[in-house]
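Observations on the model geometry
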Amino acid sequence: MKLYLLSLGVGVLVGILYSVLNVRAPAPPIIALIGLCGMLLGEQVGPAARRLLAGEPLSAAWFSRECVPKITGVPAPESDHGDHAPR
């Protein structure tokens with residue numbers, strides 16, 4: 001139930017933001033898509049912050065393995081630990 005109330009609260013905040021920006025609800029598709037992209041990117045701030053607080057570096061390899069699949073919906077490539085013969 002908390003998740004639903006939190007979602008409703010965030011929706012109200014977005015509605016207020018749209019009102020301040022003079023965007024009609026429902027937003028034009030491009031504005032809505034950009035907003036969704038921002039939400040997907042914003043979700044990756046938490047894992048990156050946890051990694052930095054743990055003293056681990058952020059790298060392009062980590063980002064592409066952990067964040068890109070969540071942002072794009074494309075599964076992460078399976079990591080090759082040398083278990084396979086060279087092609």
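Residues numbered from 1 in each chain as written. Predicted model: local features only at pLDDT ≥ 70, side-chain atom pairs only at ≥ 80, totals over all residues. Heavy atoms only, no water.

1. Concerning the side chain of Arg 51
Rules: Comment: elements are numbered from the N terminus, with helices defined as DSSP H or I runs of at least four residues and strands as E runs of at least two. A 3.5 Å cut-off defines polar contacts: any pair of N or O atoms within that distance qualifies, except that in protein one atom must be a possible hydrogen donor and the other a possible acceptor, and neighbouring residues in sequence count only when both atoms are side-chain atoms. Residue contacts follow a heavy-atom distance rule, with two residues in contact if any of their heavy atoms lie within 4.5 Å.
In this structure, Arg 51 sits in helix H3 (residues 45-53). A polar atom in the side chain of Arg 51 sits 2.9 Å from the side chain of Glu 56. If near-sequence neighbours (up to four positions away) are discounted, Arg 51 is found in contact with Glu 56, Pro 57, Leu 58 and Trp 62.

2. Some details on a nonpolar patch on the surface
Heads up, the condition is: Patch membership is restricted to residues that have no salt bridge and whose relative accessible area is over 30%. Joining uses 9 Å for like charges and 5 Å for the nonpolar side chains Val, Leu, Ile, Met, Phe, Trp and Tyr. In this description, accessible areas are obtained by the Shrake-Rupley approach with a 1.4 Å probe, and a residue is regarded as covered only by the protein chains that are shown. A side-chain nitrogen of Lys or Arg and a carboxyl oxygen of Asp or Glu constitute a salt bridge if their distance falls within 4 Å.
Nonpolar side chains collect at one region of the surface, where Met 1, Tyr 4, Leu 5, Leu 8, Val 12, Leu 13, Ile 16, Leu 17, Val 20 and Leu 21 lie side by side and expose about 1,100 Å² of accessible area between them. If you trace the backbone, Leu 21 turns up in the loop between helix H1 (2-20) and helix H2 (29-42).

3. Focus on H1
The condition is simple: Helix span is expected to be 1.5 Å times the residue number reduced by one.
Here H1 spans 27 Å end to end across 19 residues, near enough to the 27 Å set by a 1.5 Å rise per residue. One or two positions beyond H1, positive phi appears at Asn 22, with a value near 55 degrees.

4. Some remarks on the pattern of salt bridges
As a reminder of what qualifies: Only protein chains enter the calculation, and the probe is 1.4 Å; a residue is then buried if its accessible area is under 20% of its type maximum, exposed if over 50%, and partly exposed in between.
Throughout the structure, instances matching the rule amount to two salt bridges. Among the ionic pairs, Arg 51 bridges to Glu 56, the shortest N-O distance being 2.9 Å. A relative accessible area of 36% places Glu 56 in the partly exposed class. Between Arg 65 and Glu 66 there is a salt bridge; the shortest N-O distance is 3.4 Å. On the basis of relative accessibility, which here comes to 32%, the residue Glu 66 falls in the partly exposed class.

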